[in-house]
Amino acid sequence: MFRTVRTLLRTSLLAPLLAVSAPAQADSVQAAIDWARQQPQTHTDVPKGEARPLIIAHRGASGYVPEHTLAAYALAILQGADYIEPDLVMSQDGQLVARHDNQLGLTTDVAQRPEFAERQRSQTVDGISLNGWFSEDFSLAELKTLRAIERIPQIRPGNARLDGSFAIPTLQEIIDLVKSLQLSQQRVIGLYPETKHPTHFQQLGLGLEQPLVNLLKKNGYHSAKAPVYIQSFEVNNLKSLSRLTPVRLVQLFGAGQPFDQQRLGSGLTYAHMASPAGLKAIARYAAGVGPEKSYIIPRDASGNLDAANTTAFVANAHAQGLKVHPYTFRAENSFLPANLRTGNDPQARGDSAAEIQLFLDAGIDGLFIDQPDIAVRLRAKP
Ligand code: G3P
Ligand code: CA
């Protein structure tokens with residue numbers, strides 16, 4: 001254990017946490033801001049207008065703080081991220097909250113709460129059989145009693161030190177945080193919400209789309225110039241959103257088929273969507289695309305980044321006027337291409353900046369990253 005902590009200190013993974021001796025519960029916007037301000041900062045000047053590359057804090061500064069907490073978003077903003085990314089799910093009473101999964105057991109302490117033991121159940125979500133506790137079975141008031149925990153404590157034990165410190169934020173609280181930090185940072189901070197499990201929530205009568213559009217509009221985000229991108233792995237909910245709001249939309253690309261297309265039996269796959277014709281169709285409803293990184297630069301059989309075989313994805317997307325924001329850049333060896341790792345410790349950092357640079361050379365417009373400070377520093381280099 002001591003060796004692990006020493007390794008993390010050496011690799012600076014714990015650096016933002018050193019100021020935290022006994023983390024207070026940062027449930028409120030102001031508490032999250034105060035907490036983040038105690039952390040070491042790496043902020044440099046952010047370009048005016050739409051920055052390039054656009055630095056999107058993936059689930060907040062999730063390389064340093066349990067994901068999708070106000071503290072993770074606040075730290076990302078203070079590190080200089082341009083946009084923060086809340087993944088969104090629905091509560092039983094129709095409130096938008098930030099979680100990557102509606103299965104709450106992955107990133108909250110719900111399994112340790114005897115009062116919710118009987119809510120554990122099995123169901124199929126997006127075609128996958130799951131067992132756990134689901135956001136749609138909890139009121140917002142109940143969700144607010146839960147506390148966030150680190151998803152990958154074996155890779156990020158420093159984050160796990162903060163288990164139990166932060167609540168699940170609502171989208172409104174995230175917007176409040178952004179607006180507050182916009183004032184103190186004197187810059188525009190963007191929101192990059194993702195609708196999670198859209199078909200699933202629609203089937204429950206808890207569709208995410210209209211509440212999201214309503215909440216954004218209520219907060220002044222209702223134009224193509226608003227600092228917002230709404231993303232989805234599904235197709236039809238983005239098409240619906242394009243009729244509900246002028247806010248910019250981003251089509252995400254994963255493996256296989258979008259779940260809504262799978263359910264419809266349409267035969268449309270992400271591979272079809274990545275073709276020039278597929279990208280042309282996407283440009284009718286979206287302003288950008290968010291591919292998994294391998295759509296742009298694949299890895300070879302040894303797991304090395306194979307820049308010599310960079311695809312035409314970026315060029316084809318740009319030909320249709322689409323921005324390209326790939327996901328997800330992560331600094332730890334366990335996520336990096338084999339040729340950019342440093343040593344064998346899966347928790348240690350490798351050369352994430354070199355990976356980012358290769359993608360910048362491939363022409364990307366922005367990137368989702370767990371450690372926004374790395375991209376901020378890289379962008380600031382002359
Ligand atoms: O939304 C971009 C990226 O976040 C997609 O992957 O699974 O982290 O939401 P995921
Ligand atoms: Ca996401």
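So, a few notes on the structure that sits alongside this text. Throughout, a residue's number is its position along its own chain's written sequence, starting from 1. The lettering of chains begins at A and the numbering of ligands begins at 1, in the order of writing. Only residues with pLDDT of 70 or above have their local features reported here, since the model is predicted, and side-chain atom pairs are shown and tallied only from 80 upward, although totals for entire chains, interfaces and linings are computed over all residues.

### Observations regarding the site of ligand 1
(1) Moving on: Taken together, His58, Asp87, His100, Glu194, Gln231, Leu252, Gly290, Tyr327, Thr328 and Phe368 make up the full set of residues near ligand 1.
(2) Moving on: In this classification, Asp, Glu, Lys and Arg are treated as charged, Ala, Val, Leu, Ile, Met, Phe, Trp, Tyr, Cys and Pro as nonpolar, and every other residue, Gly included, as polar. When grouped by side-chain class, the residues that make up the shell around ligand 1 number three nonpolar, five polar and two charged. Note on definitions: a residue is near a molecule or strand provided its C-beta atom, placed from the backbone, lies within 6 Å of it.

### Some words on the environment of Val213
(1) Moving on: Within the secondary structure, Val213 sits in helix α8 (residues 209-218).
(2) Moving on: In this structure Val213 comes out as buried when scored by C-beta crowding, with 20 C-beta atoms within 10 Å.
(3) Moving on: Sequence separation between Val213 and Ile230 is 17 residues; the distance between their C-alpha atoms is 9.6 Å. In this text, helices come from DSSP runs of H or I with a minimum length of four residues, and strands from runs of E with a minimum of two, each type numbered from the N-terminal end. Put plainly, a residue is buried at 20 or more neighbouring C-beta atoms within 10 Å of its own, exposed at 12 or fewer, and partly exposed in between, counting only other residues' C-beta atoms, which are placed from the backbone.

### Structural notes on the environment of Ala255
(1) Moving on: Along the chain, the position of Ala255 falls in the loop between β10 (248-253) and α10 (259-264).
(2) Moving on: Between the C-alpha atom of Ala255 and that of Phe233, which follows or precedes it by 22 residues, the distance is 9.9 Å.

### Regarding the sheet that holds strand β13 (residues 366-369)
(1) Moving on: Spatial strand order, β7-β2-β1-β13: four strands in an open sheet with parallel pairing. Of all the strands in the sheet, the pair left with one neighbour each is β7 (190-191) and β13.
(2) Moving on: Here a strand pair is declared whenever DSSP counts at least two bridges between the two strands. Sheet topology note: the strand β1 (residues 54-58)/strand β2 (residues 83-85) ladder contains three bridges and is parallel. Within β2, the position partnered with Ala57 by the bridge is Ile84.

### Observations concerning the environment of Leu88
(1) Moving on: Here Leu88 is to be found in strand β3 (residues 87-90).
(2) Moving on: For Leu88, a count of 26 C-beta atoms within 10 Å gives the class buried.
(3) Moving on: As for Leu88 and His197, which are separated by 109 residues in sequence, their C-alpha atoms are 8.9 Å apart.
(4) Moving on: Here Leu88 is in contact with Leu96, Ala98, Leu171, Pro193, Glu194, Thr195, Lys196, Leu208 and Leu212, once residues within four sequence places are set aside. Residue pairs qualify as contacts under a 7 Å threshold applied to their C-beta atoms, which are placed from the backbone.

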